[in-house]
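Chain residues, written in single-letter form:
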Amino acid sequence: MSNADIWEKIIEGYKEVKSDNYLGIFGYPIKHTLSPIIHDMISDEFSLGERYIPFEIDENLGEYVKSAYENGIKGLNITVPFKERVIPYLCEVDDDAKKIGAVNTLVRTDKGYKGYNTDMEGLYRSIKETGTEIKDKEVIMLGAGGAARAVAFMCKKYGAKKIYIINRSIDKAAALSDDMNDKETLKKFIPVSVDEYNTVSNGKYIIIQCTSVGLKSEDGLPLIHDINFYRQAEFAVDLIYNPAKTCFIKCMEELGIPVINGLKMLLYQGIIANELWNNIEVDATLTEKIYSNLIKKLYR
Ligand code: NDP
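## Considerations on the domain arrangement of the protein
What the domain assignment lists for the protein is domain 1 (3-117) and domain 2 (121-261). A straight line from the C-alpha centre of domain 1 to that of domain 2 covers 29 Å. Each partner contributes to the interface: domain 1 provides six residues, whereas domain 2 provides eight residues. Three residues, Asp 96, Lys 99 and Ile 100, lead the burial of domain 1 against domain 2; their summed loss comes to 67% of the area buried on that side. For the pair domain 1 and domain 2, the number of links is one salt bridge.

Following this line, the structure appears as structure tokens:
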């Protein structure tokens, strides 16, 4: 397929969207993405004339990235399953994204697209605005998949004291810990198998739920079913935002532990990406307006 054909395919179905200034997201599946709400609202507020379009793409990722660049696309988000695979097609990768090993935002430069990871900063902003600090805290991460890589790096970058990574597949928890542990952090990251969760010493923890357990209505608690384990949380996050309240979130609420879901992370990763594309600053009023629209769309 030529680039022209790929471009035609990309905009197929979106012909009614009139703009000279496209942003977009590449992923599969992508139909239910909420990101157009975030970016179209920012465009309207700043009169940028941009339209953000979800592109459900197949395996020809490199060709799509090339075609998007040739056709003037200013910025792209990249989501599952392409966040790692997109890296070879970029002219440059931001240092943090390199260390995470995943890119979710492409910013147009003279030489090609530069890759960033705004998931990590998005999560950090969502935690920080609750008044919770990461610095010097002990963290328990549940999960060691793609999103967990950004979470682990956030813990490292913002100075968490110790991070236990519990995962169904212990090899993945071990690999992620190895990637994050270096001379500076020594053995801050400790992989723990589900069977050995009792080896996590008693204490007060920030618990970050990064598995996909909770997406389905029939899902119970993720990985550990001992309620006493969760009493050790002083603050908790579930990266899942749909449903709004997973079993994990309900459990935290019942225990009286402050907890947030992943919707603010989604919101902030989008805002940070847009700030990179347009060199703007999205203020608190617009942020709140976008957030209420996301809530309306998702939960009402
Ligand atoms: P991955 O597929 O890369 O990882 C999935 C993780 O969940 C792995 O740790 C996997 O364990 C674990 N897991 C899956 N099924 C089970 C199960 N039945 N029992 C126990 N563990 C299980 O997904 P991502 O890391 O990309 O995403 C994880 C979650 O984070 C998703 O629910 C996604 O919606 C959410 N997310 C939210 C974002 C936001 O902006 N709020 C951004 C990105 C993700 P194992 O390694 O053993 O397979």
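## A short note on the site of the ligand
Taken together, 21 residues sit near the ligand, with Gly 146, Ala 147, Asn 167, Arg 168 and Ser 169 positioned nearest. In the model, an oxygen atom of the ligand is placed 2.4 Å from a nitrogen or oxygen of the Ser 169 side chain. Coverage of the ligand by the protein chains reaches 73% of its 920 Å² of free accessible surface. When atom positions are compared with the pocket grids, the ligand is found to occupy the largest pocket. At the level of elements, α6 (146-157) and α10 (263-278) are the ones that each hand at least two residues to the shell around the ligand. Its residues placed into classes, the shell around the ligand shows 11 nonpolar, eight polar and two charged.

## Re the state of the cysteines
Formally, a disulfide is one covalent bond, and it connects the sulfur atom of one cysteine to the sulfur atom of another. Enumeration according to the criterion identifies zero disulfides in this entry. In this structure Cys 210 is a free cysteine whose sulfur lies 8.1 Å from that of Cys 155, the closest cysteine sulfur available. Cys 210 gets classed as buried once you look at its relative accessible area, which sits at 10%. Counting only cysteine sulfurs, Cys 251 is the nearest neighbor of Cys 247, a cysteine outside any disulfide, at a range of 6.8 Å.

## Section: the sheet that holds strand β11 (residues 233-238)
Strand order in the open sheet formed by six strands is β9-β8-β7-β10-β11-β12, with parallel pairing between adjacent strands. Strands at the two margins of the open sheet, each flanked by one partner only, are β9 (189-193) and β12 (259-260). Where strand β7 (residues 138-142) and strand β10 (residues 205-209) come together, four bridges link them in parallel fashion. By the bridge assignment for β10, Met 141 is matched with Ile 208. Lying over the sheet, helix α5 (residues 118-128) contacts β10, β11 and β12, oriented at roughly 135° with respect to β11. Against the sheet, α6 makes contact with β7, β8 (162-167), β9 and β10, and its axis sits at roughly 175° relative to β7, the strand it touches most.

## Describing the environment of Gly 220
Note on placement: Gly 220 falls in the loop between β10 and α8 (227-230). Residue classification places Gly 220 among the partly exposed positions, given a relative accessible area of 34%. Considered as a pair, Gly 220 and Thr 246 are 26 residues apart in the sequence and their alpha carbons are 8.2 Å apart. Ignoring sequence-local partners within four residues, the contact set of Gly 220 consists of Val 213 and Cys 247.

## Concerning the nonpolar core
Met 141, Met 154 and Ile 208 are the most contacted members of the largest nonpolar core, which totals 33 residues. For this core, the secondary-structure elements that each account for two or more residues are α5, β7, α6, β8, α7 (170-180), β10 and β11. At seven residues, α6 tops the list of elements feeding residues into this core. With residues up to four places along the chain from it excluded, the contact list for Ile 208 reads Ile 127, Val 139, Ile 140, Met 141, Leu 142, Val 151, Met 154, Val 237 and Leu 239. Ile 140, Tyr 205, Ile 257 and Val 259 belong to the second-largest nonpolar core, a separate cluster that totals 22 residues.

## Some remarks on the pattern of salt bridges
Under the counting rule described, the total for this entry stands at 17 salt bridges. Note that Asp 44 and Arg 51 form a salt bridge whose closest N and O atoms lie 3.0 Å from each other. Note that Asp 95 and Lys 98 form a salt bridge whose closest N and O atoms lie 3.9 Å from each other. Here Asp 95 pairs with Lys 98, and both are found in helix α4 (residues 95-100), just three residues apart, close to one helical turn. On the accessibility criterion, Asp 95 (49% relative accessible area) is partly exposed. Bridged by salt links that share partners, the residues Asp 40, Asp 44 and Arg 51 form one connected network.

## Details of the layout of surface pockets
The calculated volume of the largest pocket comes to roughly 1,600 Å³. Lining of the largest pocket is provided by 49 residues; of these, Thr 79, Val 80, Ala 147, Leu 215 and Tyr 241 occupy positions nearest its centre. Among the secondary structure elements, those contributing two or more residues to the lining of the largest pocket are β3 (75-78), α6 and α10. When its residues are assigned to classes, the lining of the largest pocket shows 26 nonpolar, 17 polar and six charged. Taken together, domain 1 (3-117) and domain 2 (121-261) each give at least three residues to the lining of the largest pocket, which thus spans both.

Criteria and thresholds
Residues numbered from 1 in each chain as written. Predicted model: local features only at pLDDT ≥ 70, side-chain atom pairs only at ≥ 80, totals over all residues. Heavy atoms only, no water. Domains from an automatic or database assignment. Contact = heavy atoms within 4.5 Å. Buried area = accessible area lost by both parts, 1.4 Å probe. Salt bridge = Lys/Arg side-chain N within 4 Å of Asp/Glu carboxyl O. Near = heavy atom within 4 Å. Polar contact = N/O pair within 3.5 Å; in protein donor to acceptor, adjacent residues only side chain to side chain. Areas by Shrake-Rupley, 256 points an atom, 1.4 Å probe, with all protein chains shown as cover. 1 Å grid on protein atoms, 1.4 Å probe; cavity = no way out; pocket = protein on both sides within 12 Å on 5 of 7 lines; lining within 4 Å. Sits in = over half its atoms within 2 Å of the grid points. Helix = DSSP H or I, 4+ residues; strand = E, 2+ residues; numbered from the N terminus. Nonpolar A, V, L, I, M, F, W, Y, C, P; charged D, E, K, R; others polar. Disulfide = S-S within 2.5 Å. Buried < 20%, exposed > 50% of the residue type's maximum accessible area, 1.4 Å probe, protein only. Pairing = 2+ DSSP bridges. Axes fitted to C-alpha atoms, helices over the stretch in contact; angles between N-to-C directions. Core = buried A, V, L, I, M, F, W, Y, C linked by side-chain atoms within 4.5 Å. Points joined across faces, edges and corners; volume = space filled by probe spheres on them.

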